[in-house]
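Take a look at the letters that make up each chain.
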Amino acid sequence: MFTPLLQVENLEVNYGVIRALKGVSFEVGTGEVVALIGANGAGKTTILHTVTGLLPAKSGSIVYDGHDLLKTPAHKIVSMGMAHVPEGRRIFGALTVYENIILGAYTRRDKKEIEESIELVYTHFPRLKERTKQIAGTLSGGEQQMLAMGRALMSKPKIILMDEPSMGLSPLYVSEIFSIIEEISKSGTTVLLVEQNAKKALSIADRAYVLETGTVVLSGDADDLMHNDSVRRAYLGE
Amino acid sequence: MKIKFNRKMIGSVIAAIAIYAVIAILILTGILPRSMQSLVVKISYYVVLALSLNLIVGFLGDLSLGHAAFYAVGAYAGCAFALYSGLPLIPNFIISLLIGGISAAIIGFLISCAILKLRGDYLAIVTLAFGEFIRSIVKIIPGLGGTKGLTGVPSFDRFEGFTFGYAVVIIVIIILCNFTNSRHGRTITAIRDNAIAAESVGINIKRYKVLVFTVSSFMAGMAGVLFGFYKTSVEPADFTYNVSIEVLVMVVLGGMGSLKGSVIAAIIIVALPELLREAAAYRMLIYAIALITMMMLNSSPKFAALKAKALDRLYSVRESITAVFKRAK
């Protein structure tokens, strides 16, 4: 029996008079990697921001682990085990790498457990360990993305939401980031991935949803979508 | 690490006492001319204003143009109490100081709740409006003297004024140093750096905004009470938006998020027009040129390197002083 950890139903979101989401439904099961793919303006980031409480919804429902997220303020969602890696490497540029990582554990109190999480982050991202005292704003783009991901892991999430992790990175870094996402998934964390790089996203995802201008147009197993003709034409450039 | 910190603290304490002693002697012996004596008091409340605004603008990163509002509330509340209570001077001042601070903090709390959803230019405009709004409200509240304001507030002599002003400045600096170096301080810096990322790690941005505005208003309110006791009267014309802008200039000039900078900039900006009094007609011109020069120097990397060198030398002097002090002990 498939029990979703996160279930979104008929979600509608407006920006002023513009309808950004026109009734989107999807679900993410425990332990899955689910990808939302689509072009610019399809509503991918809007979905993530609505799920994490940064944007209000017009109608629909978001249920996570038995909680109604539409009634939960953004800062409380983290302590429920949902971490968000925002688009565009949103790190704290004036703070050091270490301070950034520590802030990720903002909702946690147990010092010993936090230490363990830091070690875990360093095993996923050895590069960060080499640079603990560096000011985060001086890291390269790929390292900043790693830092944002490491910081999100510090809240010990059950599910991690990633917004365009490959954006603006060199191909080398993209591969590295995606293999780390796979690692994170294997260690038991559920992943919801929003990506424009459909090929990469489908290669590591279990299931995927294809979005176009605010609606889900296709969904299914990632492998099937990878071989779907219209997906290949529209998103894989073949 | 810890020992070094303590040594630094001893150095700071010695410096604070030394500065106090020197100025106190200068005032008591009358070496400092009268105009300069009152200037010392004026500097103290401007330093408090600049420090408190720096918390909002420099650390939290919100542009507030209505700092005069909190200053006014503190001045009026504290001075009204001082006028009507009839207590002896010193307890009267201390209670007024607290009343001024708390009243301003309450208003700061309410205003910050009202502007939680605003950012950037919009926040600036609304705080500006609040500043003028408070000034108009004060005019029509019975018992506060309308446009003439409150007169006959008990007054200090110059030495007392300096002592209490200095004490308030030191207290504010201690509070702010601890606050900005704490977990709360880092959280506020994180919000300024990146609000979305801050929210994504579970920081309650709204709570911190309200906290910062409340703490900052409390301090601005105390500055208002100092001002009232110094001038022995308060009137709505003392709290125009010019004051807010002047304090903002101090914060920007001293460097956003630099407590030391705010103190130095406040001293310079208050003292400069007074020192230039001799040049009468050209006073404002020289003042303006000095401001522009300081701004340009502050943003020049070469000057920053020079400054760092000078500071290093200063630190080594302080280190050797504390070393001497330690040996004596």
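That block above? That's the structure.
The structure contained in this document is the topic of the report that follows.

Cut-offs applied
Residues numbered from 1 in each chain as written. Chains lettered and ligands numbered in written order. Predicted model: local features only at pLDDT ≥ 70, side-chain atom pairs only at ≥ 80, totals over all residues. Heavy atoms only, no water. Salt bridge = Lys/Arg side-chain N within 4 Å of Asp/Glu carboxyl O. Helix = DSSP H or I, 4+ residues; strand = E, 2+ residues; numbered from the N terminus. Buried < 20%, exposed > 50% of the residue type's maximum accessible area, 1.4 Å probe, protein only. 1 Å grid on protein atoms, 1.4 Å probe; cavity = no way out; pocket = protein on both sides within 12 Å on 5 of 7 lines; lining within 4 Å. Points joined across faces, edges and corners; volume = space filled by probe spheres on them. Nonpolar A, V, L, I, M, F, W, Y, C, P; charged D, E, K, R; others polar. Contact = heavy atoms within 4.5 Å. Buried area = accessible area lost by both parts, 1.4 Å probe. Polar contact = N/O pair within 3.5 Å; in protein donor to acceptor, adjacent residues only side chain to side chain. Core = buried A, V, L, I, M, F, W, Y, C linked by side-chain atoms within 4.5 Å. Patch = residues over 30% accessible without salt bridge, like charges linked within 9 Å, V, L, I, M, F, W, Y side chains within 5 Å. Areas by Shrake-Rupley, 256 points an atom, 1.4 Å probe, with all protein chains shown as cover. Lys, Arg positive; Asp, Glu negative; His and termini not counted. Charge placed at Lys NZ, Arg CZ, Asp CG, Glu CD.

## Describing the pattern of salt bridges
Side-chain pairs of opposite charge can arise where the charged atoms are in close proximity.
All names here are of chain A.
Item 1. One pass over the full model with this rule turns up 15 salt bridges over all chains.
Item 2. Measuring nitrogen to oxygen at the nearest pair gives 2.5 Å for the salt bridge that ties Lys 158 to Asp 65. With a gap of 93 residues between them, Lys 158 in the loop between α6 (141-153) and β7 (159-163) and Asp 65 in the loop between β4 (59-64) and β5 (67-68) connect regions that are remote in the sequence.
Item 3. Note on Lys 158: relative accessible area 39%, which makes it partly exposed.

## Notes on the layout of surface pockets
Item 1. Its boundaries defined by the atoms lining it, the second largest pocket holds a volume of some 800 Å³.
Item 2. If you go around the second largest pocket, you meet 24 residues; those closest to its centre are A:Gly53, A:Leu54, A:Leu55, B:Glu199 and B:Lys206.
Item 3. Sorting the residues of the lining of the second largest pocket by element identifies α1 (44-51) and α2 (74-77) of chain A together with α8 (195-200) and α9 (205-231) of chain B as the ones contributing at least two each.
Item 4. Of the residues in the lining of the second largest pocket, the class split is 13 nonpolar, 6 polar and 5 charged.

## What about empty space enclosed by the protein?
In this approach a probe as big as a water molecule rolls over the atoms, and the regions it shows empty are the leftover space.
Item 1. Tallied over the full model, the rule gives 2 cavities of 30 Å³ or more.
Item 2. Estimated volume of the largest cavity: approximately 80 Å³.
Item 3. Lining the largest cavity are A:Thr52, A:Leu54, A:Ala74, A:Ile77, A:Val78, A:Met82, A:Ala83, A:His84, B:Ile196, B:Glu199 and B:Ser200.
Item 4. Those elements that place two or more of their residues in the lining of the largest cavity are α2 and β6 (82-85) of chain A together with α8 of chain B.
Item 5. When grouped by side-chain class, the residues that make up the lining of the largest cavity number 7 nonpolar, 3 polar and 1 charged.
Item 6. Quantified by volume, the second largest cavity comes out at close to 30 Å³.
Item 7. Around the second largest cavity, the lining residues are B:Leu65, B:Gly66, B:Ala68, B:Leu128, B:Gly131, B:Glu132, B:Phe239, B:Thr240, B:Tyr241 and B:Ser244.
Item 8. When contributions to the lining of the second largest cavity are tallied by element, the ones reaching two or more residues are α5 (120-140) and α10 (241-254) of chain B.
Item 9. No other element matches α5(B), which puts 3 residues into the lining of the second largest cavity.
Item 10. Of the residues in the lining of the second largest cavity, the class split is 5 nonpolar, 4 polar and 1 charged.

## What about the interface of chain B and chain A?
Item 1. If you look at the interface, chain B gives 18 residues, while chain A gives 20 residues.
Item 2. Carbon and sulfur atoms supply 63% of the area buried between chain B and chain A, which totals about 1,700 Å² over both sides.
Item 3. Scanning the region where chain B abuts chain A turns up 0 salt bridges.
Item 4. Along the contact surface separating chain B from chain A lie 6 residue pairs in polar contact (both at pLDDT 80 or more).
Item 5. Looking at the side of chain B that touches chain A, the elements that each hand over two or more residues are α7 (183-193) and α8 of chain B.

## Considering the nonpolar core
Item 1. Core analysis: the largest hydrophobic core is formed by 88 residues, its most contacted members being B:Tyr71, B:Phe93, B:Val172, B:Ile203, B:Val234, B:Phe239 and B:Met250.
Item 2. Broken down by element, the residue count for this core peaks at 15 residues, all from helix α2 (residues 34-60) of chain B.
Item 3. In this structure, B:Ile203 is in contact with A:His75, A:Leu103, A:Tyr106, B:Thr187, B:Ala190, B:Ile191, B:Ala198 and B:Tyr208, ignoring residues within four places of it in sequence.
Item 4. Counting residues in hydrophobic clusters, the runner-up holds 49 residues, among them A:Val33, A:Ala83, A:Ile91 and A:Ala205.

## A look at a positive patch on the surface
Item 1. Judged by side-chain charge, A:Arg109, B:Arg183, B:Arg186 and B:Arg207 come together as a positively charged surface patch.
Item 2. Within the secondary structure layout, A:Arg109 lies in the loop between α3 (97-104) and α4 (111-124).
Item 3. Residue A:Arg109 is classed as exposed on the basis of its relative accessible area, which comes to 60%.

## Points about the side chain of B:Thr127
Residues and elements named next belong to chain B.
Item 1. Summarising the element assignment, Thr 127 is placed in helix α5.
Item 2. Since its relative accessible area comes to 4%, Thr 127 is described here as buried.
Item 3. Leave out the neighbours within four places in its chain, and Thr 127 touches Leu 63, Ser 64, Leu 65, Gly 66 and Ile 115.

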